[in-house]
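Structural features, examined
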Amino acid sequence: MTLGEQTLEHLNQFDDFKRSIKHMADLGCGNGAHIEYWANMRDLNEDGEPGRYLDITCHGLDFNCEQIEPQRSNIRYKNHDLNTDNPMTPVPVDVVWCHDVMQYIYSPVEFLGRVNRAMTLGGMLYLSVPSTINVVHHMFKNYTPPGHVNTFTSTQLLYLLGLNGFDIKDFYLQKRKYEDIIQVVVYKERDPLPYDTTWYAMTDMDIVSDNMREIIMRNGILEDQGLVTTWLDGTVQDYRWHT
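These figures come from a predicted structure and were not determined experimentally. (Residues numbered from 1 in each chain as written. Predicted model: local features only at pLDDT ≥ 70, side-chain atom pairs only at ≥ 80, totals over all residues. Heavy atoms only, no water.)

1. What about the overall build of the protein?
Of the regular secondary structure elements, the protein holds seven helices and 13 strands. Here the C-alpha atoms of the protein give a radius of gyration of 18 Å, agreeing with the 18 Å that 2.2 N^0.38 yields for 243 residues. Taken over the C-alpha atoms alone, the protein extends approximately 50 × 45 × 40 Å along its principal axes. Accessible area for the protein stands at about 12000 Å²; split by element, carbon and sulfur atoms hold 50% of it. (Helix = DSSP H or I, 4+ residues; strand = E, 2+ residues; numbered from the N terminus. Rg over C-alpha atoms; globule rule 2.2 N^0.38 Å. Areas by Shrake-Rupley, 256 points an atom, 1.4 Å probe, with all protein chains shown as cover.)

What follows is the structure, given as structure tokens:
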């Protein structure tokens, strides 16, 4: 099971969350595997058995995805260039699923602004992106696959999300040791900030976590040394010991 599939399984356990979703969007939906998971989400009966289908309206966006035959009537595919086309969806969505996509985006900070505008207030954004640097056999290793115009660090990703109005005070982030993937779950809290907003300004606005505030006030920047985050399953990620 991939990390993305594991995350879907975790999210599927939150019944109130699932029931609150009317529309979701899968940005870069590929062959439609993940969007079908959302489209097939079901409520749970009192006995714990699967109940009625929630019939979340699911919008899949990608190059040439309209050729995919939807497996359920609540799936809508739309050919879309995520670098240039607007708007993303015909209605604001409650969930944006963006798995293994943002490395292909020319301007991630502007892309996240467009994502913000496509979402309802309080809506959930899931991102999975490649990490810039990994430690393999106690040696730093970095690499660039063809087509990847961006890679990311955990601290950079938090900055981009904070600039674009997502909650970086109460969020989930996972970068496991020796793995080249960063996963993050955040919620839309406000409209985007000016893109020259500093870490100090975000601290003054009280929109960063206490852990992040401590690092910023001590160093003037956010760095991974001292950063501690949690993931959906409750595991704690302590980045003092790995990148």
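2. Observations regarding the sheet that holds strand E4 (residues 57-62)
Within the open sheet, the seven strands sit side by side as E5-E4-E1-E6-E7-E11-E10. Their pairing is mixed. Either end of the sheet is taken by a strand with one partner, and the two such strands are strand E5 (75-79) and strand E10 (172-174). Geometrically, the sheet is characterised by an average inter-axis angle of 10 degrees between neighbouring strands, direction not taken into account. Pairing of strand E7 (residues 119-130) with strand E11 (residues 181-187) involves seven bridges; the strand directions are antiparallel. By the bridge assignment for E11, serine 128 is matched with glutamine 183. Here helix H1 (residues 3-11) sits on the sheet and contacts strand E6 (93-99), E7, E10 and E11; the angle it forms with E6, its principal contact strand, is near 155 degrees. Relative to E7, helix H4 (residues 108-117) is tilted by about 145 degrees, and along the sheet it contacts strand E1 (23-27), E6 and E7. (Pairing = 2+ DSSP bridges. Axes fitted to C-alpha atoms, helices over the stretch in contact; angles between N-to-C directions. Contact = heavy atoms within 4.5 Å.)

3. Quick word on the environment of aspartate 43
Mapped onto the elements, aspartate 43 comes out in strand E2 (residues 42-44). Among the residues examined, aspartate 43 registers a relative accessible area of 12% and is labelled buried. For aspartate 43 and valine 91, which are 48 residues apart along the polypeptide, the C-alpha to C-alpha distance reads 24 Å. A polar contact of 2.9 Å, which involves the side chain of aspartate 43, links it to the side chain of arginine 19. (Buried < 20%, exposed > 50% of the residue type's maximum accessible area, 1.4 Å probe, protein only. Polar contact = N/O pair within 3.5 Å; in protein donor to acceptor, adjacent residues only side chain to side chain.)

4. Things to note about unusual backbone geometry
Trans peptide bonds make up the majority, and among non-glycine residues the majority have a negative phi. Cis peptide bonds are those with omega within 30 degrees of zero, and the linkage from asparagine 86 to proline 87 qualifies with -10 degrees. Inspection of the secondary structure assignment puts proline 87 in the loop between E5 and E6. One non-glycine residue, asparagine 64, adopts positive backbone phi at about 55 degrees. Summarising the element assignment, asparagine 64 is placed in the loop between E4 and E5.

5. As for helix H7 (residues 210-219)
All of the buried residues along H7 are Met212, Ile215 and Ile216. Down the axis of H7, the smallest arc covering the buried residues is 95 degrees, so these residues share one side. Facing away from the buried surface of H7 by more than 90 degrees, the exposed residues are Asp210 and Glu214. Count one or two residues on from H7 and you reach glycine 220, which has phi positive near 85 degrees. (Arc of directions from axis to C-beta.)

6. Notes on the packing of H4 against helix H5 (residues 154-163)
Helix packing geometry: the angle between the two helix axes and the distance between the axes. Running from N to C, H4 and H5 point in directions that differ by 45 degrees, and their axes come no closer than 9 Å. As far as their axial angle goes, H5 and H4 are oblique. In the crossing of H4 with H5, the sense of the turn from one axis to the other is right-handed. Within the contact between the two elements, H4 uses Pro108, Val109 and Leu112 and H5 uses Leu160, Leu161 and Leu163. (Parallel < 35°, antiparallel > 145°, perpendicular 65-115°, else oblique. Left-handed = near helix turned anticlockwise from the far one by under 90°.)

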